[in-house]
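Single-letter residue listing:
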Amino acid sequence: MERTLIIFKPDAVQRGLVGKILARFEERGLQIAGMKMEQLNDDMLQEHYAHLRDKPFFAKLTRFMKSVPVVLAVLEGVEAVDIARKMCGVTNSREALPGTIRGDYGMSVQSNVIHASDSKETAKKEVARFFAAKELFHYERADFHTVYAEDERNK
Ligand code: IDP
Ligand code: MG
C-alpha cells in the first residue's frame, strides 16, 4: 500500500474545512495512517519547500504556512499519491477543475487549501519528515474488502 502526505494548510484550518476535506479522502477509500496538528517552523518549511527557496514568493509562503497550526495527515491506499494529487487539483486554485479540492474550495495560488505529495519518492521523504514511525499505524479498515477487488488488495 502506498502512503502520501496531506497538509491542511492554514486557510483550510481558518475556514473550518479540515473535516469536510478529510471526509472526501475517507469516502474515496483512502485510510488514515496518521494524523496530527502542528505549528510549522522555518526549518521545516525550508526543507519542505526547498524547491521554491529562490522564488520571490518564498518568504510570503513560509509566513502563511506558519500563521496558524496546520493539520497533517498520512493517507494510505492503492496508488494513494496519484489519487490524492488528482483530488487536490492544480496549484493555482482559480485554474483547478471543479470537483477537485482546490477547484471547489480555493480562490488563490498561495492559499490553496491543501498540500499533497507530488510523487512516490517525495511522499516517502515527506511522510518521514513529519511523522515518527510510532505515529503511523497499520490496520485494515472494515470496508477494505469492499473498496478493493481481490486482485487489487496487495498493490
Ligand atoms: P503544489 O502545492 O501544487 O505541488 P508547488 O509548485 O510545489 O505546488 O508549490 C508549493 C506551494 O507554494 C503551492 O501549493 C502554493 O501554496 C505556493 N506557491 C506556488 N507557486 C506560487 C506562486 O506563484 N505564488 C505564490 N505562492 C505559490
Ligand atoms: Mg509541490
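Below: a short report on this structure. (Residues numbered from 1 in each chain as written. Chains lettered and ligands numbered in written order. Predicted model: local features only at pLDDT ≥ 70, side-chain atom pairs only at ≥ 80, totals over all residues. Heavy atoms only, no water.)

## Comments concerning the overall build of the protein chain
Right, on to step 1. For the protein chain, the count of helices and strands is 8 helices and 4 strands.
Right, on to step 2. The order of α-helices and β-strands along the protein chain, N terminus first, is β-α-α-β-α-α-β-α-α-β-α-α.
Right, on to step 3. Its C-alpha atoms give the protein chain a radius of gyration of 15 Å, near enough to 15 Å, the size a compact globule of 155 residues would have.
Right, on to step 4. In terms of its C-alpha atoms, the protein chain occupies a principal-axis envelope of roughly 50 × 35 × 25 Å.
Right, on to step 5. For the protein chain, the proportion of its 155 residues judged to be buried stands at 48%.
Right, on to step 6. Expressed as a percentage of contacts within the protein chain between residues at least 6 apart in sequence, the contacts between residues at least 24 apart total 76%.
Right, on to step 7. Within the structure as shown, the protein chain displays about 8,600 Å² of accessible surface, and the carbon and sulfur contribution to it stands at 52%.
Right, on to step 8. Both charge centroids of the protein chain, one from 24 positive and one from 23 negative side chains, sit 6 Å from each other. (Helix = DSSP H or I, 4+ residues; strand = E, 2+ residues; numbered from the N terminus. Rg over C-alpha atoms; globule rule 2.2 N^0.38 Å. Buried < 20%, exposed > 50% of the residue type's maximum accessible area, 1.4 Å probe, protein only. Contact = heavy atoms within 4.5 Å. Areas by Shrake-Rupley, 256 points an atom, 1.4 Å probe, with all protein chains shown as cover. Lys, Arg positive; Asp, Glu negative; His and termini not counted. Charge placed at Lys NZ, Arg CZ, Asp CG, Glu CD.)

## Regarding the site of ligand 1
Right, on to step 1. Taken together, Lys9, Tyr49, His51, Leu52, Phe57, Leu61, Arg85, Thr91, Arg102, Val109, Gln110 and Asn112 make up the full set of residues near ligand 1.
Right, on to step 2. Between Lys9 and ligand 1, the recorded distance is 2.8 Å, taken from a side-chain N or O atom to an oxygen atom.
Right, on to step 3. Here Gln110 contributes a backbone N or O atom positioned 2.8 Å from an oxygen atom of ligand 1.
Right, on to step 4. Among the residues making up the shell around ligand 1, the classes are represented as 5 nonpolar, 4 polar and 3 charged. (Near = heavy atom within 4 Å. Polar contact = N/O pair within 3.5 Å; in protein donor to acceptor, adjacent residues only side chain to side chain. Nonpolar A, V, L, I, M, F, W, Y, C, P; charged D, E, K, R; others polar.)

## Thoughts on helix α2 (residues 18–28)
Right, on to step 1. By the burial criterion, the buried members of α2 are Val18, Ile21, Leu22 and Phe25. Buried residues in α2, looked at end-on, bunch into an arc of 100°, giving them a common side. Set apart from the buried face of α2 by more than 90 degrees, the exposed residues are Gly19, Lys20 and Glu27.
Right, on to step 2. Backbone geometry just downstream of α2 places Gly29 in the positive-phi region, at approximately 125°. (Arc of directions from axis to C-beta.)

## What about the pattern of salt bridges?
Where charged atoms from two side chains of opposite charge come close, those side chains can pair.
Right, on to step 1. Using the criterion set out here, one finds 9 salt bridges in the structure.
Right, on to step 2. Between Lys86 and Asp82 there is a salt bridge, with its nearest N and O atoms 2.8 Å apart. In this pair, Lys86 and Asp82 are both assigned in helix α5 (residues 80–88), 4 residues apart and thus about one turn of the helix distant. (Salt bridge = Lys/Arg side-chain N within 4 Å of Asp/Glu carboxyl O.)

## Let's talk about the nonpolar core
Right, on to step 1. The biggest cluster of nonpolar side chains holds 21 residues, and the ones touching the most others in it are Ile6, Phe8, Ile21, Phe25, Ile101 and Ile114.
Right, on to step 2. Going through the elements one at a time, β1 (2–8), α2, β3 (70–77), α5, α6 (101–105) and β4 (114–116) are the ones with two or more residues in this core.
Right, on to step 3. Not counting residues up to four positions away in its chain, the partners in contact with Ile101 are Ile21, Arg24, Phe25, Met87, Cys88, Gly106, Val113 and Ile114. (Core = buried A, V, L, I, M, F, W, Y, C linked by side-chain atoms within 4.5 Å.)

## A look at the environment of Arg94
Right, on to step 1. Looking at the element boundaries, Arg94 is found in the loop between α5 and α6.
Right, on to step 2. Considering only alpha carbons, one finds Arg94 and Asp104, 10 residues apart in sequence, at a separation of 9.5 Å.
Right, on to step 3. In this view, Arg94 contacts Met107, Ser108 and Val109; residues no more than four positions away in its chain are not counted.
Right, on to step 4. Among the polar contacts listed, one links the side chain of Arg94 to the backbone oxygen of Met107, at a separation of 2.9 Å.

## Some details on α5
Right, on to step 1. Among the residues of α5, Ala80, Val81, Ala84, Met87 and Cys88 are the ones counted as buried. All buried residues of α5 lie within an arc of 135° about the axis, which places them on one face of the element.
Right, on to step 2. The elements touched by buried residues of α5 are β1, α2, β3, α6, β4 and α7 (120–130).
Right, on to step 3. In the segment just after α5, Gly89 is the residue with positive phi, at about 90°.

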